[in-house]
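Commentary on secondary and tertiary structure
Take a look at the letters that make up each chain.
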Amino acid sequence: MPAAYVVVEMKVSDPEQYKQYMAAAPATIAAHGGEYLVRGGRHEALEGDWQPARVAVLKFPSYEQAKAWYDESAYRTVRVKRAGATEYFNMILVEGVAAPVA
C-alpha cells in the first residue's frame, strides 16, 4: 500500500494565532501515523509561477489514514484555531507511488 502525502501552501497573516494551530496539529497527525516532512523552511520556485509564502508536507502510511485524520473531529477542532490566521491555506492529498515488488 503506497504512502499518502498532504501538501499545504499558506500565507500566515496572524503569526501569534497561527502558533496555536501549530502547537495543536502535530498530535492529531501522529495519532493517524502521520509525520511532517516539511514545515516551513527555505524554498524557491524552480519552474513556473508558483510562489507560496509557506509550504508544509505531511506523510501518512496510506491515503485512508490521511483522510481519516482530516475528517476526524480532533483535527476539525484544531482547524478552528487556524481560522483568521492565514490569508490563504490550500491543501491537497495525493497518493504516493507503490513500492516495486522485489
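Everything here concerns the structure above.
Calculation rules
Residues numbered from 1 in each chain as written. Predicted model: local features only at pLDDT ≥ 70, side-chain atom pairs only at ≥ 80, totals over all residues. Heavy atoms only, no water. Pairing = 2+ DSSP bridges. Helix = DSSP H or I, 4+ residues; strand = E, 2+ residues; numbered from the N terminus. Axes fitted to C-alpha atoms, helices over the stretch in contact; angles between N-to-C directions. Buried < 20%, exposed > 50% of the residue type's maximum accessible area, 1.4 Å probe, protein only. Arc of directions from axis to C-beta. Contact = heavy atoms within 4.5 Å.

The strand order β2-β3-β1-β4 describes an open sheet built from four strands, whose pairing is antiparallel. Since the sheet does not close on itself, it has two edges, and those belong to β2 (35-39) and β4 (86-95), each with one partner. Each neighbouring strand pair of the sheet contributes to a mean axis angle of 15 degrees, computed without reference to strand direction. Pairing between β2 and strand β3 (residues 54-60): four bridges, direction antiparallel.

Time to look at helix α3 (residues 73-82). Considered for burial, the residues of α3 that qualify are Y75, V78 and R82. Along α3, the residues classed as buried sweep out an arc of 65 degrees about the axis, all on the same side. Residues of α3 that are exposed and angled more than 90 degrees away from the buried face: T77 and V80. Buried residues belonging to α3 abut α1 (15-30), α2 (63-71) and β4. A positive phi of about 85 degrees marks G84, the residue just after α3.

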